[in-house]
Amino acid sequence: MSAHFHALRVAQIVPETADANSIRFDIPPELRDAFRFKAGQHLTLKATIDGEDVRRNYSLCTSPDSGEWMVTVKRIGGGLFSNWVGDTLKAGDTLDVLPPHGSFTTDFAEGISRHVVGIAGGSGITPVMSLVRTLLKSEPGSRFTLLYGNRDSSSIIFLEELARLKDRYLDRFEVFHFLDGEEGDFELFNGMLNRERVDEAIEHLIGDPARIGDWFICGPGPMMDAAETALLDRGVERSRIHIERFTADRPTAALASQMAELQSKAAGIVMSVTLDGRTRKVPFSESNILDSAREAGLPAPFACKAGVCATCRAKVTAGKVEMAARYGLTDEEVAESYILTCQSVPDGDGVAVDYDA
Ligand code: FES
């Protein structure tokens with residue numbers, strides 16, 4: 001079923017560092033099923049700020065079995081939503097929230113025994129934290145190694161919690177901090193997680209990448225690119241590399257002009273759109289399928305409109321569709337005909353998309 005926003009009460013705002021706060025939500029019993037989540041997934045929050053409808057995705061940092069729903073929001077210079085959270089939001093307020101979603105996750109099982117590596121930068125720790133907590137608790141035979149980059153020690157989100165987990169799971173959890181604004185004794189840890197440092201970290205701290213079950217990467221774009229290429233260059237299979245992109249790159253000029261051409265060809269094409277169990281005919285009237293559906297009065301879900309969050313995901317059940325950015329989808333989802341409707345344009349007649357699939 002497609003997801004809808006629910007008004008949730010903010011139970012608590014927890015300061016994590018000088019510029020990061022966690023929001024803990026009260027989930028009433030009747031919504032607990034809808035808000036069940038997998039470690040690594042995120043919530044889409046919606047608020048009206050200065051008269052503007054603003055939506056953002058934030059990852060849950062808690063583990064699914066903790067009974068707590070908490071996201072962490074770091075202030076971004078000039079960031080409308082993150083500064084509003086830091087300055088204005090307080091316990092007792094309500095926020096509109098979409099049920100958890102996202103594919104930055106894995107299946108956990110007690111009988112699995114594997115070594116998982118997380119490579120995180122700044123607030124990219126949030127979903128990784130959820131994965132660390134969950135793996136340590138639910139897979140007694142598995143290990144987690146975390147490489148975590150920050151500016152300095154005062155900006156490390158979850159510093160104490162990570163130390164506590166390390167004490168508790170001494171032989172199953174390792175965390176290595178990389179700081180680019182603070183000098184420590186070991187050269188390897190002095191600086192950001194760029195390609196060179198990721199290479200060295202893999203060599204000295206991780207060992208043979210083929211022995212690692214899964215890699216989870218989340219943080220600034222250049223860090224994620226460095227980590228991804230370092231792993232691909234070592235022959236790590238793509239299916240073992242999980243990446244959560246919070247920001248999207250611009251499409252290449254060639255792709256942008258190809259999409260523009262398709263958009264003008266598709267103008268007026270009538271599509272069939274299924275949402276909440278109803279199927280309607282919708283003309284392609286805007287620059288993508290999502291906006292066309294909304295223009296026709298369908299409450300199709302969205303958050304980022306940049307191909308990142310997958311809130312606008314739907315399945316193509318007939319016809320052909322071209323997609324620009326697809327960061328928010330896994331290769332498997334693409335193979336199963338899922339699209340990000342905010343990035344998609346019909347390529348010819350007879351297109352049917354289903355948001356409920
Ligand atoms: S709205 Fe976020 S991927 Fe489409």
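Heads up: the structure comes first, above all this text.
Residues numbered from 1 in each chain as written. Predicted model: local features only at pLDDT ≥ 70, side-chain atom pairs only at ≥ 80, totals over all residues. Heavy atoms only, no water.

Undergrad: Where do I start with the overall build of the protein chain in this structure?
TA: Scanning the protein chain for helices and strands turns up 8 helices and 18 strands. A compact globule built from 357 residues should have a C-alpha radius of gyration of about 21 Å, and the protein chain, at 21 Å, falls within 12% of that. Taken along its principal axes, the extent of the C-alpha atoms in the protein chain is 65 × 50 × 45 Å. Looking at the protein chain as a whole, 52% of its 357 residues qualify as buried. Within the protein chain, residue pairs in contact and separated by at least 24 positions form 66% of the contacts whose partners lie at least 6 positions apart. Surface accessibility of the protein chain: about 16200 Å² in total, with carbon and sulfur atoms responsible for 48%. Between the averaged position of the 38 positive side-chain charges in the protein chain and that of its 53 negative side-chain charges there is a distance of 4 Å. (Helix = DSSP H or I, 4+ residues; strand = E, 2+ residues; numbered from the N terminus. Rg over C-alpha atoms; globule rule 2.2 N^0.38 Å. Buried < 20%, exposed > 50% of the residue type's maximum accessible area, 1.4 Å probe, protein only. Contact = heavy atoms within 4.5 Å. Areas by Shrake-Rupley, 256 points an atom, 1.4 Å probe, with all protein chains shown as cover. Lys, Arg positive; Asp, Glu negative; His and termini not counted. Charge placed at Lys NZ, Arg CZ, Asp CG, Glu CD.)

Undergrad: Would you explain the packing of aromatic side chains in this entry?
TA: For any two aromatic rings, the description comes down to two numbers: the centre-to-centre distance and the angle of the planes. Scanning the model with the defined rule gives 8 aromatic pairs in all. Ring centres of Phe104 and Phe216 lie 5.3 Å apart, and the angle between their planes is 90 degrees; this geometry places the pair in the edge-to-face category. Residue Phe104 is found in the loop between strand E6 (94–101) and strand E7 (115–121), and its partner Phe216 is found in strand E10 (residues 214–218); the two are separated by 112 residues along the sequence. A relative accessible area of 1% means that Phe104 is categorised as buried. Ring pairs connect the aromatic residues Phe176, Phe178, Phe186 and Phe189, which therefore count as one cluster. Arg55 extends its terminal NZ or CZ atom over the ring of Phe302, reaching a point 3.8 Å from the ring centre. For the cation-ring pair, Lys305 lies above Phe302, with the distance from its terminal atom to the ring centre recorded as 4.6 Å. (Phe/Tyr/Trp six-rings, centres within 6.5 Å; stacked < 30°, edge-to-face > 60°. Lys NZ or Arg CZ within 6 Å of the ring centre and 35° of its normal.)

Undergrad: What should I look at first to understand the nonpolar core in this one?
TA: Within soluble globular proteins, side chains that are nonpolar tend to cluster in buried spots. One finds Met271, Val273, Ile289, Leu290, Ile339, Val353 and Tyr355 to be the most contacted residues of the largest nonpolar core, which totals 31 residues. Breaking this core down by element, the ones donating at least two residues are helix H6 (253–266), strand E12 (270–275), helix H7 (289–295), strand E14 (313–318), strand E15 (321–323) and strand E16 (338–340). (Core = buried A, V, L, I, M, F, W, Y, C linked by side-chain atoms within 4.5 Å.)

Undergrad: In this structure, what is going on with the sheet that holds strand E11 (residues 241–244)? I would like to understand it.
TA: Neighbouring strands of a sheet are bound in pairs by backbone hydrogen bonds; such pairs are parallel or else antiparallel. Spatial ordering of the open sheet is given by E9-E8-E7-E10-E11, a layout of 5 strands whose pairing is parallel. The sheet terminates laterally at strand E9 (173–179) and E11, the two strands that pair on one side only. When strand polarity is set aside, the average angle formed by the axes of neighbouring strands in this sheet is 15 degrees. Pairing of strand E8 (residues 143–150) with E9 involves 7 bridges; the strand directions are parallel. Each bridged residue has a counterpart across the sheet, and for Leu147 the counterpart in E9 is Phe176. Along the sheet, helix H3 (residues 159–168) makes contact with E8 and E9, crossing E9 at roughly 145 degrees. (Pairing = 2+ DSSP bridges. Axes fitted to C-alpha atoms, helices over the stretch in contact; angles between N-to-C directions.)

Undergrad: I'm lost on the environment of Asp93 in this one. Help?
TA: Tracing the sequence through the fold places Asp93 in the loop between helix H1 (80–87) and E6. Expressed as a C-alpha distance, the spacing of Asp93 and Gln12, which sit 81 residues apart in the sequence, is 9.5 Å. Not counting chain neighbours up to four residues away, the residues in contact with Asp93 comprise Leu8, Arg9, Val10 and Thr88. In terms of polar contacts, Asp93 uses its side chain to reach the backbone amide nitrogen of Lys90, at 3.0 Å. (Polar contact = N/O pair within 3.5 Å; in protein donor to acceptor, adjacent residues only side chain to side chain.)

Undergrad: Where do I start with the pairing of E14 in this structure?
TA: When a strand is regular, its side chains alternate between the sheet's two faces. Bridge count for E14 against E16 is 3 bridges, and the pairing is antiparallel. Paired with Ala314 across the bridge in E16 is Ile339. Sheet topology note: the E14/strand E18 (residues 352–354) ladder contains 3 bridges and is antiparallel. For Ala318, the partnering residue across the bridge sits in E18 and is Ala352.

Undergrad: What is the right way to look at the pattern of salt bridges in this model?
TA: Two side chains with opposite charge may pair up if their charged atoms get near one another. Enumeration over the complete set of coordinates arrives at 24 salt bridges. Taking the shortest distance from any N to any O, the salt bridge between Asp26 and Arg9 comes out at 2.5 Å. Residue Asp26 is found in strand E2 (residues 20–26), and its partner Arg9 is found in strand E1 (residues 6–17); the two are separated by 17 residues along the sequence. The exposure class assigned to Arg9 is partly exposed, which follows from its relative accessible area of 39%. Here Asp93 ties to Lys90 by a salt bridge, and the two come within 3.1 Å at their closest N and O atoms. The structure contains a network of salt bridges with shared partners spanning Arg195, Asp199, Asp233 and Arg234. (Salt bridge = Lys/Arg side-chain N within 4 Å of Asp/Glu carboxyl O.)

Undergrad: Sorry if this is basic, but what is going on with the sheet that holds E1 here?
TA: The strand order E4-E3-E6-E1-E2-E5 describes an open sheet built from 6 strands, whose pairing is antiparallel. The two strands at the open ends of the sheet, each matched to only one other strand, are strand E4 (52–59) and strand E5 (69–74). Each neighbouring strand pair of the sheet contributes to a mean axis angle of 40 degrees, computed without reference to strand direction. With 7 bridges connecting them, E1 and E2 associate as antiparallel partners. Directly across from Pro15, in E2, lies its bridge partner Asn21.

Keep in mind that these numbers describe shape and distance, not what the molecule does.
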